[in-house]
Amino acid sequence: KALYSLILLRFHVSAAFSAKAKVAMSRFEPSSTINYEKMHENINIVRRRLSRPLTLSEKIVYGHLDDPAGQEIDRGRTYLRLRPDRVAMQDATAQMAMLQFISSGLPRVAVPSTIHCDHLIEAQIGGPEDLQRAKEVNEEVYNFLATAAAKYGVGFWKPGSGIIHQIILENYAYPGVMLIGTDSHTPNGGGLGSICIGVGGADAVDVMAGIPWELKCPNVIGVKLTGSLSGWTSPKDVILKVAGILTVKGGTGAIVEYHGPGIWCRMATICNMGAEIGATTSIFPYNHRMKTYMEKTGRGEISAVADHFKDDLVPDNGCEYDQVIEINLSELKPHINGPFTPDLCHPVSEIGATAKKNGWPLEVKVGLIGSCTNSSYEDMGRAASLAKQALDKGLKCKAQFTVTPGSEQIRATIERDGYSKILSDVGGIVLANACGPCIGQWDRKDVKKGEKNTIVTSYNRNFTARNDANPATHAFVTSPEIVTAMAIAGTLDFNPETDYLTAANGEKFKLEAPTGDELPSRDFDPGQDTYQYPPAEGSSVMVNVSPTSNRLQLLEPFDTWQGKDLEGMRILIKVKGKCTTDHISAAGPWLKFRGHLDNISNNMLIGAVNIDNDAVNKVKNLLTGKFGGVPDVARHYKANGVNWVVVGDENYGEGSSREHAALEPRHLGGRAIIVKSFARIHETNLKKQGLLPLTFDDAKDYDKIRPDDKISITGLPSLVPGKPLTAVIEHSDGSQESITLNHTFNETQLEWFRAGSALNRMKELQ
């Protein structure tokens, strides 16, 4: 009977697919069609093999296996070879990704791919002015990306289009798609039932080249949502709470899968900030709100097909998670996280007292809403509902206030529907449709560097100096509603659920809980057309990179491993405490060099704290005995034929997917990064560039290493998956001790190391 039911189901699914055949993946790629049937077949193969119910994330991930019948599947252990459906790249990371693709010698991308110009627009004055300035300042880079996209068959979203993740949500994400993106917040697409994973550019090159993409088989963390949100509580509070529970590394190696009766909320926001817990990605099951959004964004045909394959787009009954967290939304209160890390979680009702106790500035200098995390139509509407209340009482924001629309479609629609005017009238400045201050693209003038101050944002990340390059800025992450309320009140200790404001006439009043429509009653206004289609044949398109450019530089292959142990290496820096990719390769003003490896390498590790002197960008050159900047000392070692290593702490490389944090150490002569633990994307990026990412077998061995030691790594000629290496530490007093170092290389990744990089290996195989 069960077999008959399965056959009947497969018949109905196949019939449904045939009836809806040739549905395009997006309106921009009519010849690339959705293949739910293939995913369905793969899921059935894997389910029969494993003989157990599958989680939703397992269905979609295993549904994209290159070899579902033969692939070894063991959560948390084996590496999967996958066939993602598409690739998306933002302009800061696309430069290096496309330079690597050019180096591969391939004529055209093998899967639908897009480039999105969102990272290079600096917030200064306001949207139109800042956009025009960015087009002038970045003309060389934009021209390179536009011509490279045309030559190699990649869609190109021009500056002003919007933030990559919002564009993906509006056009490319759909239930069941597997997308990889060269940005850590790519998981935003999980709000539409997609498996969207942030990667480095070298991973994107693999997929664009048609090579199976490797991912360690993820564990699955289940977050069961019950109850419902109301009042001042928002979806942002869900992920702020989860971040407080799991911390910045608690999701490493896992997909976070939301389920339960409370899933009906702004799902993309929650998935987006899953990057802050180190998760591979996050996802929600297919539901009626996804269907409505798909229809509202002109993709009703896709949702109709998804309806027929719905069983593949939700978890199986009885599936098992590696960990389960339960959150009752009816009991959840507004939260605010920070400063300096996105997992330091506080109820809004307690942040004032906590700030006073810790000496954090109470005055809110700037409130910033928008970004890829919180720039939906509903986000803007709820913020506008609060602004309108303030205006009706004769008030404007006491703090500076900025608004970042997530896309041209959002900007045009909130302008048409009056939200922009309300937010401007209350004191807001509407910035360009771009990342802006969220990634440090902010020409901030109101405080001096080193001046202690507080800002509140609806962004996703708040590492030291990330937003404004000021290490004394205390940045707090919360919902757009709380940001707006605190910007109106001008203080961090304002709790809108209980506290009163004073109207212009002296009357005391409380803000009513925010309200806003989930979607516009009319269709979205698409605004200006900012998309460049790739030509059907692009081989004649010229892509120019000037040899004298300080923005772009063609890549030279890295040297190959010489087949020997690495002996007598110097320690460039022993890093103390948190070391994110912002510490390793800062963004902000350095973004302009993302296409020029030698120039961008001048920011390598300049934000990391040296345990030897508690200073940043000050390390001892052990050849000269003098102190210098980290990149300068690295260059001196390289020029003198001295290999070096970096020693680090826990969760090394958390944060952005930027592969420059791996390319720069490789370019300047680094050979190994030895730490207590790695963030997922950074560890992979290091492997891709031919470096050795190694972890202490005993975390206490970190304390054995002194900044003036020499280190030899032995066992490399016989290195195989699962076999540890030995590090021989030679102290300056002549004594030695040995420690064990672990690695997570599989055989394919070891080939990258031996060849000098994954790109070198790709060329060997051509």
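Structural data are supplied above this passage.
Here goes a summary of the coordinates provided.

Conventions adopted
The residue numbering used here restarts from 1 in each chain and proceeds along that chain's sequence as written. Totals for whole chains, interfaces and linings use all residues, but because this is a predicted model, local features are given only for residues with pLDDT of at least 70 and pairs of side-chain atoms are given and counted only at 80 or more. Excluding hydrogens and water, the side-chain figures rest on all heavy atoms present in the structure. Relative accessibility thresholds used throughout: buried, under 20% of the residue-type maximum; exposed, over 50%; partly exposed, between the two (1.4 Å probe, protein chains only). Numbering of helices and strands runs from the N terminus, with a helix taken as a DSSP run of H or I at least four residues long and a strand as a DSSP run of E at least two residues long. Taken from the helix axis, the directions to the C-beta atoms give the arc we talk about. In this description, contact between two residues means that some pair of their heavy atoms is separated by no more than 4.5 Å. When DSSP finds at least two bridges between two strands, those strands are taken to pair. Crossover handedness is defined here as right-handed if the route from the first strand over the helix to the second strand goes clockwise, with the strands pointing away from the viewer.

## Description of helix α5 (residues 127–137)
Looking at α5, one finds that the buried residues are G127, D130, L131 and A134. Buried residues of α5 fall within an arc of 100° about the axis and therefore sit on the same side. In α5, the exposed positions angled more than 90 degrees off the buried face are occupied by P128 and E136. In this structure, the buried side of α5 is in contact with α6 (139–152) and β16 (428–430).

## Some details on the pairing of strand β27 (residues 644–647)
Neither face of β27 is open: one carries W644 and V646, the other V645 and V647, and all of them are buried. The pairing of strand β22 (residues 566–574) with β27 spans four bridges and is parallel. Across the sheet, residue K574 finds its bridge partner in β27, namely V647. Following the backbone out of β27, through helix α21 (residues 660–667) and into the adjacent parallel strand β28 (residues 670–675), one traces a crossover that is right-handed.

## Quick word on the pairing of strand β14 (residues 364–370)
Of all seven residues that make up β14, six are buried, and the element is covered over most of its length. Of the strand pairs in this sheet, β14 and strand β17 (residues 453–457) are connected by four bridges, and their pairing is parallel. Paired with V366 across the strands is I455, a residue of β17. Examined bridge by bridge, β14 and strand β15 (residues 400–404) share five bridges and lie parallel to one another. From the neighbouring strand, L368 faces β15, where its bridge partner is T402.

## Digging into the environment of L65
Summarising the element assignment, L65 is placed in the loop between α3 (56–62) and β1 (79–82). We classify L65 as buried; its relative accessible area is 4%. L65 sits 517 residues away from D582 along the chain, and the two C-alpha atoms are 33 Å apart. With residues up to four places along the chain from it excluded, the contact list for L65 reads N42, V46, Q71, I73, L80, R81 and L82.

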